[in-house]
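Letter by letter, the chains look like this.
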Amino acid sequence: MTEPDSAIGDSLKFMQRNWYWVLGVSALVVVPCLWHRHIEAGDLGSHVYNAWLAQLIAKGQAPGLYVAPQWHNILFDVMLLHVANWFGFAAAEKIVVAICVLIFFWGAFAFVGAVTGRAPWTLTPCIAMLAYGYCFNMGFMNYYMSLGLGFLCLALVWRDDEPRNWIPAVLIAVLVMAAHPMGLLWVIGVVVYRAIRPALPGAIKLVVPLAVVVACSALRWYLHRSSAILADFYNPAPFRAIGVDQLVLYGTRYQFLAAAALIFGIACFVLDVVARLREPGYWKRLEVPLELYLILFCAASFAPENLRFSLHAAWVGMLISRLTAISAIVGLCVLGCMRPRTWHFAGFAALALIFFAFLYQDTGKLNRLETNAETLLSRVPTGTRVIPNVYAEPGSRIAFIVHIADRACVGRCFIYPNYEPSSNQFRVRIAKGGSWLASSSPDDANDMQGGGYEIQESDLPAKLLYQCDPQDRTKLCLRDLTEGDTTGNPEFQSDE
């Protein structure tokens, strides 16, 4: 019997022929997970801290907290907890995050390859940059993993003549849901779109993207007028709906880099179109990725950035900032239809080198900040409640550096404004009677870390961890809080 001509069979052949390239590229891709003592990725610190709380709950050492049964938004946390039980949190962080990066990178690689019909080696620098883009640096690890698995799932079922691939694709889709529901919505949306599209003749195929535009416009109109749902449409990020905003991270220099990447990508595409305009079948190959990109562009242009379904619920945040990670990968599908040129790879590789040089510098600074937090918190009595108030540099989009203290508290102290238990969106939650270990109000937790909270008697004893040198934001101080104190630092709030 001959090997089946399927996506799985082709993947096995590809691995056999290119195993040395796959190993070499994989080794390079995980380097940023290893180049500092800690992986600086925003909310990652909170994931580690709450995995430790889950350990305490299992031992009966976290009164007022419990682990809720949940089928979504948990895959990364479950992996982290189980690996930490074997190897400790320091090693587990690097092992599990490196696995996530490889899933995202090779999932995106497989998806672009399936859409374009060729292995996208020329675009590997772009995929690597997006693997360490905004979603990664914000620490949206469950969402990030759901995208990588979702891309892999779609790569399996992209070819219509391979029904046997639906079984492994459905199994992977279960993991996508366990990671994050937005990843599953993306997979289902593409599958439905590709099922409907062939039934529409000629230009009528444009009905689907136009319907999405109308639906997004209607949703925006409704949310603007709804009194039941709160919606935030404000998003100052440059290149908001295009996807290249995923490269804008810790300051304005990333904006110039993102603009350069956008201009270079457009130039490559335009030159390819001019050279191949009359090539038979050229536009047919571009139709689907261009239509998907248009749909995502419209969704990112009209949908809200943050949603709140009631005054007592936590915000469901940064929806568009997450969505544009998908837009960027679909944009690479469009570029992947180009005829590969050596100068394409050279240009993208040069941009990637600059991007990772910036990233090394900025995450190195965050590592120094976290080291200072560890030094201070190592001296507090075991069981101390800590309220961190740490601000990002002006111009930075990575606002979640407040979680820089979370890992420093593992094994010693408790982050009182820990947002996960009170939000009821994650595994670790607060029982009805409340807990001494975490605030039971999502609004209070947000205000504590944002600096606008006034300390009540019930919040004490607690300590405030804050930046105390305007010239060096990596320098931290620790002080006891008293009733009536606010958790803010006016000297730093004025910068924002």
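Scoring rules and cut-offs
Residues numbered from 1 in each chain as written. Predicted model: local features only at pLDDT ≥ 70, side-chain atom pairs only at ≥ 80, totals over all residues. Heavy atoms only, no water. Helix = DSSP H or I, 4+ residues; strand = E, 2+ residues; numbered from the N terminus. Buried < 20%, exposed > 50% of the residue type's maximum accessible area, 1.4 Å probe, protein only. Contact = heavy atoms within 4.5 Å. Areas by Shrake-Rupley, 256 points an atom, 1.4 Å probe, with all protein chains shown as cover. Lys, Arg positive; Asp, Glu negative; His and termini not counted. Charge placed at Lys NZ, Arg CZ, Asp CG, Glu CD. Core = buried A, V, L, I, M, F, W, Y, C linked by side-chain atoms within 4.5 Å. Pairing = 2+ DSSP bridges. Axes fitted to C-alpha atoms, helices over the stretch in contact; angles between N-to-C directions. Patch = residues over 30% accessible without salt bridge, like charges linked within 9 Å, V, L, I, M, F, W, Y side chains within 5 Å. Salt bridge = Lys/Arg side-chain N within 4 Å of Asp/Glu carboxyl O. Expected span 1.5 Å × (residues − 1). Phe/Tyr/Trp six-rings, centres within 6.5 Å; stacked < 30°, edge-to-face > 60°. Lys NZ or Arg CZ within 6 Å of the ring centre and 35° of its normal.

Examining the overall build of the protein chain
Argument step 1. Regarding its fold elements, the protein chain presents 18 helices and eight strands.
Argument step 2. Across its three principal axes, the protein chain shows a C-alpha extent of roughly 75 × 50 × 50 Å.
Argument step 3. Per-residue burial for the protein chain yields a buried fraction of 55% across its 496 residues.
Argument step 4. If you take every contact in the protein chain between residues at least 6 apart in sequence, the share linking residues at least 24 apart comes to 76%.
Argument step 5. Taken as a whole, the protein chain presents about 22100 Å² of accessible surface, with 65% of it coming from carbon and sulfur.
Argument step 6. Side-chain charges of the protein chain comprise 37 positive and 37 negative groups, with the mean position of each set lying 8 Å from the other.

Quick look at the nonpolar core
Argument step 1. Within the largest apolar cluster, 146 residues are counted, with the highest numbers of intra-cluster contacts made by Phe-111, Tyr-132, Trp-186 and Phe-355.
Argument step 2. It is helix 4 (residues 89-116) that provides the largest number of residues to this core, a total of 15 residues.
Argument step 3. In this view, Tyr-132 contacts Val-29, Val-30, Pro-32, Cys-33, Val-101, Asn-137, Leu-249, Phe-355, Phe-356 and Leu-359; residues no more than four positions away in its chain are not counted.
Argument step 4. Formed by nine residues, the second largest nonpolar core is a distinct cluster that contains Met-448, Leu-464, Tyr-466 and Leu-481.

Thoughts on the sheet that holds strand 4 (residues 385-389)
Argument step 1. Strand order across the open sheet formed by four strands is 5-4-7-8, with mixed pairing between neighbours. Pairing within the sheet leaves two strands with one partner each, and these edge strands are strand 5 (414-415) and strand 8 (476-480).
Argument step 2. Pairing geometry for strand 4 and strand 5, over two bridges, is parallel. Each residue of the ladder has a partner; that of Val-386, found in strand 5, is Ile-415.
Argument step 3. Sheet strands touched by helix 14 (residues 342-377): strand 4, strand 7 (463-467) and strand 8. Its angle to strand 8, the strand with the most contacts, is close to 30°.
Argument step 4. Across the sheet, helix 17 (residues 442-450) is in contact with strand 4 and strand 5; its angle to strand 4 comes to roughly 60°.

Quick look at a nonpolar patch on the surface
Argument step 1. A contiguous nonpolar patch, built from Trp-19, Tyr-20, Trp-21 and Leu-23 and spanning about 510 Å² of accessible area, is present on the exposed surface.
Argument step 2. By the secondary structure assignment, Tyr-20 is in helix 1 (residues 7-29).

Description of helix 8 (residues 166-179)
Argument step 1. Taking 1.5 Å of rise per residue, 14 residues should cover 20 Å, and helix 8 covers 20 Å from first to last C-alpha, within 8% of that figure.
Argument step 2. Among all positions in helix 8, only Ala-169, Ile-172, Ala-173, Val-176, Ala-178 and Ala-179 are buried.
Argument step 3. Against helix 3 (75-87), helix 7 (141-157) and helix 9 (181-196) lie the buried residues of helix 8.

Thoughts on the pairing of strand 7
Argument step 1. Counting buried positions over the five residues of strand 7 gives five, a clear majority of the element.
Argument step 2. Because side chains alternate across strand 7, one face comprises the buried residues Lys-463, Leu-465 and Gln-467, and the other comprises Leu-464 and Tyr-466, equally buried.
Argument step 3. Pairing analysis gives four bridges linking strand 4 to strand 7, with the strands arranged parallel. Among the inter-strand pairings, Ile-387 is bridged to a residue of strand 7, identified as Leu-464.
Argument step 4. Sheet topology places strand 7 next to strand 8; five bridges connect them, and they run antiparallel. Paired with Leu-465 across the bridge in strand 8 is Leu-478.

A look at the packing of aromatic side chains
Aromatic ring pairs are defined here through the distance separating the ring centres and the angle between the ring planes.
Argument step 1. Counted according to the given criterion, the structure contains 25 aromatic pairs.
Argument step 2. Ring geometry for Trp-52 versus Phe-414: centroids 5.5 Å apart, planes at 25°, classification stacked. Of the two residues, Trp-52 is situated in helix 2 (residues 44-58) and Phe-414 in strand 5; the sequence distance between them amounts to 362 residues.
Argument step 3. Judged by centre distance (6.1 Å) and plane angle (80°), the ring pair of Phe-104 and Phe-151 falls under edge-to-face. Taken together, the residues span a long stretch of sequence, with Phe-104 in helix 4 and Phe-151 in helix 7 at a distance of 47 residues. For the pair Phe-104 and Phe-151, one class covers both residues: buried.
Argument step 4. The aromatic ring of Phe-140 is capped on one face by Arg-322, whose charged end is 3.9 Å from the ring centroid.
Argument step 5. Positioned above the aromatic ring of Tyr-416, the side-chain terminus of Arg-385 is 4.5 Å from the ring centre.

Some remarks on helix 2
Argument step 1. Taking 1.5 Å per residue, 15 residues should reach 21 Å; helix 2 reaches 21 Å between its end C-alpha atoms and fits that length.
Argument step 2. Extensive coverage of helix 2 is indicated by the burial of 14 of its 15 residues.
Argument step 3. Positive backbone phi, approximately 75°, marks Gly-60, located one or two places after helix 2.

Some points on unusual backbone geometry
One can expect most non-glycine residues to show negative phi and most peptide bonds to be in trans.
Argument step 1. For the bond running from Leu-460 to Pro-461, omega is 0°, close enough to zero to count as cis.
Argument step 2. With respect to the helices and strands, the residue Pro-461 is situated in the loop between helix 17 and strand 7.
Argument step 3. Here Asn-73, not a glycine, exhibits a phi torsion of approximately 60°, which is positive.
Argument step 4. Turning to its location among the elements, Asn-73 is positioned in the loop between strand 1 (65-67) and helix 3.

With respect to the pattern of salt bridges
Argument step 1. For the structure on display, the rule yields 16 salt bridges.
Argument step 2. The closest approach of N and O atoms between Asp-272 and Arg-276, which form a salt bridge, is 3.2 Å. Here the residue Asp-272 and the residue Arg-276 both occupy positions in helix 11 (residues 252-276), the gap between them amounting to four residues, near one helical turn.
Argument step 3. The buried category is assigned to Asp-272, whose relative accessible area is 5%.
Argument step 4. Residue class for Arg-276 comes out buried when judged on its relative accessible area of 4%.
Argument step 5. Among the charged side chains, a salt-bridge network with shared partners connects Asp-272, Arg-276, Glu-279, Arg-285 and Arg-339.

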